[in-house]
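Each chain, letter by letter, is given below.
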Amino acid sequence: MPALTIDGRTIEFQPGATILDAARAAGIDVPTLCWYPRLPTVGNCRICLVTVEGQDKLMPACATPAADGMVVQTESPAAVENRRGVLQFLLERYPAAHLQNGGREHPRNEFERYVVRYDVPVRPRHELPLRTGDERPGDVMIQHDMSLCVLCTRCVRACLDIQEVGVLEVGERGGETCIVVGGDGDPDHAGCTWCGECVRVCPTGA
Ligand code: FES
C-alpha cells in the first residue's frame, strides 16, 4: 500500500485518499471549516493548508491527493501563520467579544475552538458590520443567526447534496455575500423539510 509521511509519521493510505483523509485516519487533527464528510469538497476556506515538501506553496489538505513518498507538515510555521491569518480575517466580522479577557476557556463552537487553539487575538471590530442574511423569521423550528456565519457553505451543500432539497443559497457578492433561504425567503415556499441538516453541519452554530 502507498504511504506518505505526515508530521514525521509514516502513514499508509488507500489510493484516492487526500492528505486530509490520511491524516485524520491516523488521528492527526488538521483544522477544516468548509470541508465536511459526505459533502463535495470546495476548498474555499484555506484553513487546512499544509506544507508539502518540494512545493513552493502551501497545499489544501482537503483537496490534495496523497501521494506515495509525499512528506507533509501540518503545523509548520508557514501553515500555522496562514491558519492564524484565516481565523483573524473571519473574526473581523464575527461577534467574538466573549473570547476576550478570559472567555477563551469556553469556546462555543468548532470555529471558536480553532481561534483558541491557534491563539488568535480578538481585536475590536471597526469597519465591517456583522453579517446578515435570511434569519428565517417566523420559523418556529429553525432560526438562523447570520452574524455567526463564516461563509463556509456547509449548510448550502448539506441541504443540496445530503438532503437533496436545496433550500439555501449563497446570495449577493463580495462583502455583501450571505446565506439566504431561496426564493422569497420563506422556507415553506423553498421546500424546507425542517430536517435540521443545516443546523447539524454548521461550524459556528449560526
Ligand atoms: Fe480545506 Fe476549507 S477545509 S480549504
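Remember, predicted model here, so these are calculated numbers, not experimental data. (Residues numbered from 1 in each chain as written. Predicted model: local features only at pLDDT ≥ 70, side-chain atom pairs only at ≥ 80, totals over all residues. Heavy atoms only, no water.)

> Teacher, can you tell me more about the overall build of the protein here?
For the protein, the helix and strand inventory stands at five helices and seven strands. Helices and strands appear in the protein in the N-to-C order β-β-α-β-β-β-α-α-α-β-β-α. Here the protein has a C-alpha radius of gyration of 18 Å; the compact-globule value for 206 residues is 17 Å, and the two agree. The principal-axis extent of the C-alpha atoms belonging to the protein is close to 55 × 40 × 30 Å. By the burial criterion, 47% of the 206 residues in the protein qualify as buried. Long-range contacts, defined here as pairs at least 24 residues apart, represent 57% of the contacts in the protein between residues at least 6 apart. Of the roughly 10,800 Å² of accessible surface on the protein, a fraction of 51% belongs to carbon and sulfur atoms. Between the centroid of the 20 positive side chains of the protein and the centroid of its 28 negative side chains there is a distance of 4 Å. (Helix = DSSP H or I, 4+ residues; strand = E, 2+ residues; numbered from the N terminus. Rg over C-alpha atoms; globule rule 2.2 N^0.38 Å. Buried < 20%, exposed > 50% of the residue type's maximum accessible area, 1.4 Å probe, protein only. Contact = heavy atoms within 4.5 Å. Areas by Shrake-Rupley, 256 points an atom, 1.4 Å probe, with all protein chains shown as cover. Lys, Arg positive; Asp, Glu negative; His and termini not counted. Charge placed at Lys NZ, Arg CZ, Asp CG, Glu CD.)

> Explain the pairing of strand 2 (residues 9-12) here, please?
Note that strand 1 (residues 3-6) and strand 2 share four bridges and pair antiparallel. Pairing of Ala3 across the sheet is with Glu12, part of strand 2. Remark: two residues form the turn of the hairpin made by strand 1 and strand 2, two consecutive strands paired antiparallel; Asp7 in that turn has positive phi of roughly 50°. (Pairing = 2+ DSSP bridges.)

> Got a minute to help me understand the environment of Arg38 in this structure?
Note that Arg38 resides in the loop between helix 1 (19-25) and strand 3 (49-52). On the basis of relative accessibility, which here comes to 63%, the residue Arg38 falls in the exposed class. The spatial distance from the C-alpha of Arg38 to the C-alpha of Glu53 is 29 Å, given a sequence separation of 15 residues.

> What is the right way to read empty space enclosed by the protein from this model?
Left-over empty space is what a probe sized like a water molecule reveals as it rolls over the atoms. Inspection of the entire model under this criterion finds one cavity of 30 Å³ or more. If you add up the space inside the largest cavity, you get close to 80 Å³. Lining the largest cavity are 13 residues; nearest its centre among them are Cys159, Val167, Cys192, Cys195 and Cys198. Looking at side-chain class alone, the lining of the largest cavity contains nine nonpolar, two polar and two charged residues. (1 Å grid on protein atoms, 1.4 Å probe; cavity = no way out; pocket = protein on both sides within 12 Å on 5 of 7 lines; lining within 4 Å. Points joined across faces, edges and corners; volume = space filled by probe spheres on them. Nonpolar A, V, L, I, M, F, W, Y, C, P; charged D, E, K, R; others polar.)

> Could you clarify how one ought to interpret the environment of Ala63 in this entry?
Among the secondary structure elements, Ala63 is positioned in the loop between strand 4 (59-60) and strand 5 (71-73). Residues Ala63 and Ile28, 35 residues apart in the sequence, show an inter-C-alpha distance of 16 Å.

> Before we go on, may I ask you to explain the pairing of strand 7 (residues 178-181) in this structure?
If a strand is regular, its side chains alternate between the two faces of the sheet. Burial along strand 7 is two-sided: the face carrying Cys178 and Val180 and the face carrying Ile179 and Val181 are both buried. Inspection of the sheet shows strand 6 (residues 168-171) paired to strand 7 by four bridges, in the antiparallel sense. In the sheet register, Leu168 faces strand 7, and the bridge partner there is Val181. The antiparallel hairpin formed by strand 6 and strand 7 contains six residues in its connecting segment, where Glu172 sits at a positive phi of about 60°.

> How do you make sense of the layout of surface pockets when you look at a structure like this?
Each pocket or cavity is described by its volume, and for the largest pocket that value is around 400 Å³. Looking at the largest pocket, it is lined by 18 residues, and the ones nearest its centre are Phe89, Leu90, Arg131, Val150 and Leu151. The class makeup of the residues in the lining of the largest pocket is ten nonpolar, five polar and three charged. Within this model, the second largest pocket holds a volume of roughly 180 Å³.

> What's the story with helix 3 (residues 110-117) in this structure? I'm lost.
One turn of the α-helix equals 3.6 residues, which is why residues spaced by three or four share an orientation. Those residues of helix 3 that fall on the buried side of the exposure criterion are Phe111, Glu112, Tyr114 and Val115. Angular distribution of buried residues about the axis of helix 3 spans 155°; they occupy a single face of the element. You can read the cap of helix 3 off the contacts: a side-chain oxygen lies 3.1 Å from the backbone nitrogen of Phe111, and it is on Asn109. Positive phi shows up at Asp119, right after helix 3, with a value of about 50°. (Arc of directions from axis to C-beta. Polar contact = N/O pair within 3.5 Å; in protein donor to acceptor, adjacent residues only side chain to side chain.)

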